[in-house]
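Residue-level structure breakdown
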Amino acid sequence: MSNNMIKKVSGLEILVHWTMAISFFILVISGFGFMFHMEGVGSAFGGFEQMKTIHNWVGVVFAAALFLTIFHYLPVALKFTSDDAAWLSKAGGYLSKKAQLPPQDEINAGQKLLYIAVLVLGTAISVTGVIIWLRPDMANLNSAVLLSFLIHNISFVLFLIVIPVHIYMATLANPGTLRIMISGTVPVEWARKRHAKWVQKMGY
Amino acid sequence: MGRMSLLVSPELCIGCRGCQTACKEWNQLEGEKTENRGTTENPPDLSPNTFNKIRYVELPSEKNPMRLLFVSQRCMHCGDAGCMKICPAPGALFRTDEGAVAYDKDKCIGCRLCVTSCPFNVPRYDAQNKISKCHLCADRISQGLTPSCAKTCPTGALRYGDRDELLGLAKKAGYSKVYGEKDLEGLGAVYAFTDSPKIYGMSDSPAIPEAVVFWNNVLKPLSYLGLAGVAAAAVLHYVAFGPKKIEEVKKDE
Ligand code: HEM
Ligand code: SF4
Ligand code: SF4
Ligand code: SF4
């Protein structure tokens, strides 16, 4: 690695991230197709019956990627620090042109929140999806299927708020961030401005 | 065309189950081997091969120790049908001109969500995992014929006709409770009862599960409103604040 670059995420993390993102989009598009009876979406997937099969199995891929994501930051994300409090009280500096933020560690409070939201919503949507898919025949379990249907759709709606915010933050709102999920590395100077504590810990 | 429906009058039913046989005959449904369960009610439940059945309700009382009610059970062809509301496959369930809730097995994707959403526990599944239930003989009524079960009924306990006329008929005959007139935007199988629906084993106020109603009325619109809201907020944010100014942050460090 060249001297002025710093490695932020591993190749595996990048692979997992894009597996999760691509499966997510396939699931969202087919999900919309089902919910609003979009014939065009249905035929793009080769008919609604095939779309169901694809939705189910891509869901399995998504769940697998989600599972691997647990190992990325879980201990870090669950630790609430004074830096996070400061970050949150200033809304990450996003709602002001001159907010001052204390130096941040590997990931800031916003990134922690995204990470936790993805894990919680992802788990909820995956587990309930499996229940709806492999629903037991017994009618007395109908209420379990109904509850799953409800949770599956609530998670869907929340995901559709969380992920667009994430995409905006990772692209337009923070130019240069996207590199992290492409090459895994960023210029040291760029990282120092956002994750000063972490860059220092890494010995730069 | 006005809405068509069935009128079921349990007090007129003699429990001959001609309707069950007639349905099997018209729809070419196989018979089912069942067991002696100590009752002549048979088969025990609706199935992919049994679209209708007579439910026996035994109501012994001092006045009438032998009181038996025969209640015909089948798809109710709800005006506001839970099965149609939840079904994710366009065209799998559809409403005919006569008001029946019919289905196209080729379009059914076998998700069984309709089972979850039906207030009357009607839809069943065939071996190919496709929906299977009474379709009000959609193929007959579209030709102006009477559904097979009603055609067979010897006592008039099952009648088919213009829904308003049938409702008028039941009221004129003095039935104290006409079931299904208003429920779920009117059922396509209305019942002439002389007692409370509970006695006949029917729920007083059938309803589509709240989770399905909430999903339909709130979550569905929210799913694209949320998306559009974030997109709009992102544009506004970008115009008002623009990309993050890292240089400024650096100065403070
Ligand atoms: C076009 C779509 C997307 C883009 C451009 C994108 C971009 C990024 C970038 C650049 C990062 C690294 C941020 C950093 O470390 O500072 C990141 C992290 C992350 N993204 Fe995305 N992302 C997208 C879609 C998604 C989707 C659909 C999900 C989840 C369903 C998701 C979940 C995550 C998570 C959990 C992280 C935290 C790091 C990790 O666990 O690997 N992203 N994303
Ligand atoms: S009774 Fe059930 S299956 Fe029949 S129309 Fe009503 S909701 Fe659908
Ligand atoms: S099982 Fe078939 S008819 Fe029932 S909801 Fe699913 S696609 Fe629709
Ligand atoms: S209307 Fe037709 S399909 Fe329905 S129960 Fe009667 S005979 Fe069977």
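Numbering of residues starts from 1 in every chain and runs along the sequence as written. Chains and ligands are labelled by the order in which they are written, letters from A for the one and numbers from 1 for the other. Local features are withheld for residues below a pLDDT of 70 in this predicted model, meaning they are given only at 70 or higher, and side-chain atom pairs are given and counted only at 80 or more; totals for whole chains, interfaces and linings count all residues. The side-chain figures draw on all heavy atoms in the structure; neither hydrogens nor water molecules are used.

A few points about the site of ligand 3
What makes a residue near a molecule or strand is one non-hydrogen atom of that residue sitting within 4 Å of it. Neighbouring ligand 3 are the residues Cys87(B), Pro88(B), Ala89(B), Leu93(B), Cys108(B), Ile109(B), Gly110(B), Cys111(B), Arg112(B), Cys114(B), Tyr125(B) and Ile131(B). Three classes are used: nonpolar for Ala, Val, Leu, Ile, Met, Phe, Trp, Tyr, Cys and Pro, charged for Asp, Glu, Lys and Arg, and polar for all others, with Gly counted as polar. For the shell around ligand 3, a count of residues per class yields 10 nonpolar, one polar and one charged.

Focus: the layout of surface pockets
Here a cavity means grid points, on a 1 Å grid over the protein atoms only, where a 1.4 Å probe fits yet cannot get out; a pocket means an open set of points with protein on both sides within 12 Å along at least five of seven lines; lining residues are those with an atom within 4 Å of a point. Grid points are joined across faces, edges and corners, and a volume is the space filled by probe spheres set on the points. There is about 810 Å³ of room inside the second largest pocket. If you trace the second largest pocket, you find 35 residues lining it, with Phe34(A), His55(A), Gly129(A), Ile132(A) and His152(A) closest to the centre. Counting from the N terminus, the helices are DSSP H or I runs at least four residues long and the strands are E runs at least two residues long. Every element with two or more residues in the lining of the second largest pocket is listed here: helix H1 (11-35), helix H3 (48-78), helix H5 (109-133) and helix H6 (142-170) of chain A together with helix H2 (82-86) and helix H7 (210-240) of chain B. Counting residues per element, the lining of the second largest pocket draws most heavily on H3(A), which supplies seven residues. Classifying every residue of the lining of the second largest pocket gives 23 nonpolar, nine polar and three charged.

Some thoughts on the sheet that holds strand S1 (residues 4-8) of chain B
All names here are of chain B. Only when DSSP finds a minimum of two bridges between them are two strands counted as paired. Across the sheet, which stays open at both edges, the four strands sit in the order S8-S1-S10-S9 with mixed pairing between neighbours. The sheet is open, and its two borders are formed by strand S8 (158-162) and strand S9 (177-179), each paired with just one other strand. If you compare each strand with its neighbour and ignore which way they point, the axes differ by 25 degrees on average. Pairing analysis gives five bridges linking S1 to S8, with the strands arranged antiparallel. Bridge pairing in S8 links Ser5 to Gly161. Two residues qualify as a contact provided that any one of their heavy atoms is within 4.5 Å of a heavy atom in the partner residue. Helix axes use the C-alpha atoms of the stretch in contact, all axes being lines fitted to C-alpha atoms, and the angles between their N-to-C directions lie in the range 0 to 180 degrees. Running over the sheet, helix H6 (residues 163-172) touches S1, S8, S9 and strand S10 (189-193) and is turned about 130 degrees from S8.

Some points on the coordination of the iron atom of ligand 1
All names here are of chain A. Protein-derived coordination of the iron atom of ligand 1 comes from His17 (NE2) and His166 (NE2), at a distance range of 1.9 to 2.0 Å. Keep in mind that water is not among the atoms, so a site may look incomplete; donors are the N, O and S atoms within 2.8 Å of the metal, or 3.2 Å for Na, K and Ca. A site with four donors is called tetrahedral when every donor-metal-donor angle falls between 85 and 135 degrees; four donors are called square planar, and six octahedral, when opposite donors sit more than 155 degrees apart and all other angles fall between 65 and 115; any other arrangement is irregular. The site at the iron atom of ligand 1 holds six donor atoms, and with the angles between them running 86 to 180 degrees, its shape is octahedral. A residue pair is termed long-range when its members are at least 10 positions apart, and His17 in helix H1 and His166 in helix H6 qualify at 149 residues. Remark: exposure states derive from per-residue accessible area (1.4 Å probe, protein chains only) relative to the maximum for the residue type, with buried under 20%, exposed over 50%, and partly exposed in between. A relative accessible area of 19% means that His17 is categorised as buried.

Looking at the packing of H1(A) against H3(A)
Residue and element names in this part refer to chain A. Axis separation between H1 and H3 bottoms out at 8 Å; the angle between their running directions is 145 degrees. The two elements H1 and H3 cross, and the hand of that crossing is left-handed. Of the residues contributing to the contact of H1 with H3, the split by class is 15 nonpolar, nine polar and two charged. Working rule for handedness: look at the near helix, and if it is turned counterclockwise from the far one by less than a right angle, call the crossing left-handed; if clockwise, right-handed.

Section: the side chain of Glu98(B)
All names here are of chain B. Relative to the helices and strands, Glu98 resides in the loop between strand S4 (93-95) and strand S5 (101-103). The convention is simple: Lys and Arg are positive, Asp and Glu are negative, and His and the chain ends are not counted. Salt bridge, as used here: a side-chain nitrogen of Lys or Arg that lies within 4 Å of a carboxyl oxygen of Asp or Glu. Buried within the structure, Glu98 lacks any salt-bridge partner; its nearest side chain of opposite charge belongs to Arg95, at an N-O separation of 9.9 Å. Within the structure, the side chain of Glu98 is placed 2.9 Å from the side chain of Thr96, a separation counted as a polar contact. Leaving out residues up to four positions away in the same chain, Glu98 has contacts with Met1, Arg3, Met4, Ile141, Ser142 and Tyr160. As used in this structure description, the phrase polar contact means that two N or O atoms lie within 3.5 Å; if the pair is within protein, one of them must be able to donate a hydrogen and the other to accept it, and residues adjacent in sequence are counted only when both atoms belong to side chains.

A word on the confidence of the model for chain B
All names here are of chain B. Confidence in the prediction of chain B, expressed as mean pLDDT, is 92, and 97% of residues score 70 or more. In predicted models, pLDDT denotes the confidence assigned by the predictor to each residue on a 0 to 100 scale. Of all the helices and strands in chain B, helix H8 (residues 246-252) carries the lowest mean pLDDT, 47, while S5 carries the highest, 98. Taken together, the stretch residues 248-253 has pLDDT below 50 and engages in eight contacts with residues farther than four places along the chain or on a different chain. Here the predicted complex carries an ipTM of 0.89, next to a pTM of 0.91.

What to know about the interface of chain B and chain A
Where interface size is given, it is often the accessible area lost as the parts come together that is meant. In this complex, chain B contributes 41 residues to the contact, which on the side of chain A involves 43 residues. Take the accessible area each of two parts loses on contact, using a 1.4 Å probe, and add the two losses: that sum is the buried area. For the pair chain B and chain A, the two sides together bury roughly 4,000 Å², of which 68% comes from carbon and sulfur. Joining chain B to chain A, the criterion identifies one salt bridge. Notably, a salt bridge pairs Glu49(A) with Lys130(B), separated by 3.0 Å at the nearest N-O pair. Put simply, chain B and chain A have 11 residue pairs in polar contact (both at pLDDT 80 or more) between them. Broken down by secondary-structure element, the contributors of at least two residues to the side of chain B that touches chain A are helix H3 (113-117), H7 and H8 of chain B. Ranked by residues supplied to the side of chain B that touches chain A, first place goes to H7(B) with 16 residues. Looking at side-chain class alone, the side of chain B that touches chain A contains 27 nonpolar, five polar and nine charged residues.

Details of the packing of aromatic side chains
Residue and element names in this part refer to chain A. When two rings of Phe, Tyr or Trp (its six-membered ring) have centres within 6.5 Å they constitute a pair, described as stacked for plane angles under 30 degrees, edge-to-face for angles over 60, and tilted for the intermediate range. Tallied over the entire structure, the rule returns 18 aromatic pairs over all chains. For the pair Phe24 and Phe25, a centre-to-centre distance of 5.7 Å together with 80 degrees between the ring planes defines the contact as edge-to-face. A relative accessible area of 10% places Phe24 in the buried class. A relative accessible area of 38% places Phe25 in the partly exposed class. Ring plane angle 40 degrees and centroid distance 6.4 Å describe the contact between Phe24 and Phe62, whose orientation is recorded as tilted.

Points about empty space enclosed by the protein
All names here are of chain B. By the definition in use, this model includes four cavities of 30 Å³ or more. In this model, the largest cavity occupies a volume close to 110 Å³. Surrounding the largest cavity, 17 residues form its lining, Cys13, Cys19, Ile54, Cys153 and Ala157 being those nearest its centre. Of all elements in the fold, only helix H1 (18-27) and strand S3 (68-73) reach the threshold of two or more residues within the lining of the largest cavity. A breakdown of the residues in the lining of the largest cavity according to their chemical character gives 12 nonpolar, four polar and one charged.

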